[in-house]
Structure formats: C-alpha cells, structure tokens
Amino acid sequence: MKIRLLLTLLGAAALTVSCIKDEPLNAEADIIECTVPGDIVKTDPKIADNTVMILIVPGSTDVTRMAPEFKLTPGAVIEPASGTVRDFTTPKLYKVTSQDGRWNKSYLVSVIETDLPTLFSFEDWKEIGKYEQPYEIIAGGVAQEIWSSGNAGYALTGGASVPSKFPTCSTPIAHGGRLAAKLETKSTGTFGSALNMPIAAGNLFIGTFDSMLATKNPMEATRFGLPFGKKPLRLKGYYSYVSAGNVTDKYNNLVIPEQRDSCQIYAVLYETDDNVECLFGDNVLTSPNIVAKAVVPDRSSRRWEPTFLSTWNSPILLSSSSTRKK
C-alpha cells in the first residue's frame, strides 16, 4: 500500500511539474475581429483570408480619418497599431505578427460606402498568394473587393502553384472584353482523399470564405452575401459550360444510378435578423430568410448563350433590416 501510494504521489508530482512548464509561444497571426467606433456600419466587418471589408452607411463618417480596431489571435501584434487613424479613401495594408515572432500575415483593409454594383465584368483580377480573385471598379476608380471563392481552401492541398491551376481563375476565353471567370472542378489529391473530399468545384460568390473551416466544416466556410440596397428586376449574363462527366461520391466512386455533372448559377436576396447573420452552403437556397431568388433552369452544356433569370420566383419585399445579395 505504501509503495503504491508513493508511486501515485510521484506521478502527481511529475504531472504538476509538467503543467507549470513554459507554454510555447503562439504561432498564429490572424485578425479575428474588427470593430469601428460609432454606429456607421451596415453589417459586421467581413474578414477573409487576407482582407477586411468594412461596409459603412454613405456619408456617416469622414473616411479620411477612420480608426478601426482589431482583435488578434493571442499574443499577436499588428502594425500600424489597432485604433490608428488612417485615410481609407483607398484600401490600407496591415501586418500581423505572431507571438513567437516567426510568422506574419498581411491584410488589406478597405472601407466601402457605396452600394454593390449591378454590373459585373470580371475584367479585373488580383493575385492573392498563388491564386487570383476578381474585383469590381466603381465610381472614382475605387476597387470594390466583393468576390470570394474556395481557392483559399484548395491552396491547402498544395495541388496548384500558379493561378491557372486553381478551381477558380481568369481566362481570356470570353464572350466580350478581355477576360472572363473560369470555374473548373479539380482533384484535391491525396490531401483531399484522406478527408473524403476528393474534388473541389470552381465557385465564385459575393461574400467571404473562411479557409479555417474549409476542412472542418466546408458548408460553413462559405459565408454568402453582402448588404444590397436596390430592388433587382432580373439577372442577365452569358456563360459557357461543358460537363465534367458523371458524378462521383466523397469516396471518388461513381454515383449509382448514374448522374451527369451540371453547373449552378443563381442569385439570392435574403434578410438578416438576430439569429441569421449570413447564409451558408447548406441553406443558401432553402433558408426561410430568403425573400427572392433566381436560378438558371437549363444547366446543360452550352457555349456563350445569353442567360435570362428574368422574373424572380417570389416577390421582393425590402424592409428596414439588412438585405443581402448572393
């Protein structure tokens, strides 16, 4: 009994010693929250992998003297410091350094006080690491970065080293103008297969993408929509589509009975409330907060034919709460 009691106490002593050893310094360098003093924002600032987007009510503040505040991962520091007054007539760069000093991450913070555009050209793209992403040019030549894709998640697979190898990229094969958006299903290789995610579809949407959730909860990684203050009548555009073949399941086996791959193009208007901040991949077409949606009915292969999502399939009733467009 004494021997057993002594061994138990020694084990406890060893455990106690191990618990008070110095913890390793944090290696994360992320902005996890952004706030702006005053009641001027249309919605909570949107934080993506390397961007922070602050949408404000037009005329509500002097954008040449704004001081956004940031909450960071534990121990990290930001430069310029949180709360620094800056001129946000153009996007501003911030650098976050981890607690251990070994890692850093740059964020481009933009303030937008105009509504979303109603004409999308996909003529302008910028590189983010190894992939690229479109943005819109609005009045005054200001860049409005409203588009996101799953490219940040695909980057985790290590399957692409240049933008053209990612599921979503630009292409000179366009109906008009210089460029168009190209969305292509790609293999995720051994990384994706180990997670039962053997393929990644090309996608492009208005909103933000959280790469931290890409492997844990991919449906919630896509945060669809941004505030929209107009009443749309129709969505019109052009697309070219070629089917990738027969559909496979998460184990990369053909689905039985056989199903043919098809694309999806849709627009959604929804309202936010105390319980619904945004829509995700699993409810973007089914949420009761949807006030109107338009869906391309014919998703078979075609080449640059005009697409009309003429009348929305439910009445559009805008209220004082935030309404978002996806």
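Residues numbered from 1 in each chain as written. Predicted model: local features only at pLDDT ≥ 70, side-chain atom pairs only at ≥ 80, totals over all residues. Heavy atoms only, no water.

**Q** Tell me about the pattern of salt bridges, and name the residues and values.
**A** This model, assessed by the stated rule, comprises eight salt bridges. Here Asp 115 and Lys 230 are joined by a salt bridge, their closest N and O atoms 3.6 Å apart. Of this pair, Asp 115 sits in the loop between strand E7 (104-112) and strand E8 (124-128) while Lys 230 is found in the loop between strand E18 (226-227) and strand E19 (235-241), placing the two residues 115 residues apart along the sequence. The partner of Lys 126 in a salt bridge is Glu 145, with the nearest N and O atoms 3.0 Å apart. Of this pair, Lys 126 sits in strand E8 while Glu 145 sits in the loop between strand E10 (142-144) and strand E11 (147-148), and the two are 19 residues apart along the sequence. It is possible to trace a salt-bridge network through shared partners that takes in Lys 46, Arg 223 and Glu 277. (Salt bridge = Lys/Arg side-chain N within 4 Å of Asp/Glu carboxyl O. Helix = DSSP H or I, 4+ residues; strand = E, 2+ residues; numbered from the N terminus.)

**Q** Explain the confidence of the model for the protein residue by residue, including any values.
**A** On average, the protein scores 82 in pLDDT, and the residues at 70 or more come to 85%. Considering only residues more than four positions removed or in separate chains, one finds that residues 1-19, a stretch of pLDDT under 50, has zero contacts. (pLDDT = per-residue confidence, 0-100. Contact = heavy atoms within 4.5 Å.)

**Q** How would you sum up the side chain of Thr 168? Please name residues and give values.
**A** Along the chain, Thr 168 falls in strand E12 (residues 168-171). Overall, Thr 168 belongs to the buried group, its relative accessible area being 1%. A distance of 2.8 Å separates a polar atom in the side chain of Thr 168 from the backbone oxygen of Asn 203. Leave out the neighbours within four places in its chain, and Thr 168 touches Glu 132, Ser 149, Asn 151, Pro 163, Lys 182, Leu 183, Gly 202, Asn 203 and Leu 204. (Buried < 20%, exposed > 50% of the residue type's maximum accessible area, 1.4 Å probe, protein only. Polar contact = N/O pair within 3.5 Å; in protein donor to acceptor, adjacent residues only side chain to side chain.)

**Q** Run through the sheet that holds strand E16 (residues 205-209), naming residues and quoting values.
**A** Taken in spatial order, the three strands line up as E11-E16-E17 in an open sheet, and their pairing is antiparallel. With partners counted over all chains shown, the strands left at the sheet margins are E11 and strand E17 (222-224), one partner each. Bridging between E16 and E17 involves three bridges; their strand directions are antiparallel. Residue pairing in the sheet places Gly 207 in a bridge with Phe 224 of E17. (Pairing = 2+ DSSP bridges.)

**Q** Which residues make up the side chain of Arg 86, and what are the values?
**A** Looking at the element boundaries, Arg 86 is found in the loop between strand E5 (77-79) and strand E6 (92-97). There is no salt bridge for the buried Arg 86, and the closest opposite charge comes from Asp 87, which lies 9.1 Å off by N-O distance. For Arg 86, the side chain forms a polar contact with the main-chain oxygen of Leu 93, separated by 3.1 Å. Contact partners of Arg 86, with chain neighbours within four places excluded, come to Val 63, Thr 64, Arg 65, Met 66, Pro 80, Lys 92, Leu 93 and Tyr 94. (Lys, Arg positive; Asp, Glu negative; His and termini not counted.)

**Q** Could you give an account of empty space enclosed by the protein, with specific residues and numbers?
**A** Following the criterion strictly, the structure yields two cavities of 30 Å³ or more and no others. Roughly 190 Å³ of volume is contained in the largest cavity. The wall of the largest cavity is formed by 20 residues, among which Ala 48, Thr 51, Gln 133, Trp 147 and Ser 148 lie closest to the centre. Residue classes in the lining of the largest cavity are distributed as ten nonpolar, eight polar and two charged. (1 Å grid on protein atoms, 1.4 Å probe; cavity = no way out; pocket = protein on both sides within 12 Å on 5 of 7 lines; lining within 4 Å. Points joined across faces, edges and corners; volume = space filled by probe spheres on them. Nonpolar A, V, L, I, M, F, W, Y, C, P; charged D, E, K, R; others polar.)

**Q** Which residues make up the layout of surface pockets, and what values do they have?
**A** Reported here for the second largest pocket is a volume of approximately 920 Å³. Lining the second largest pocket are 37 residues, with Ala 48, Asp 49, Asn 50, Lys 105 and Ser 211 sitting closest to its centre. Residue assignment for the lining of the second largest pocket shows that the elements contributing at least two residues are strand E1 (31-35), strand E2 (46-47), E7, E8 and E16. For the lining of the second largest pocket, the element with the highest residue contribution is E1, accounting for five residues. Of the residues contributing to the lining of the second largest pocket, the split by class is 16 nonpolar, nine polar and twelve charged.

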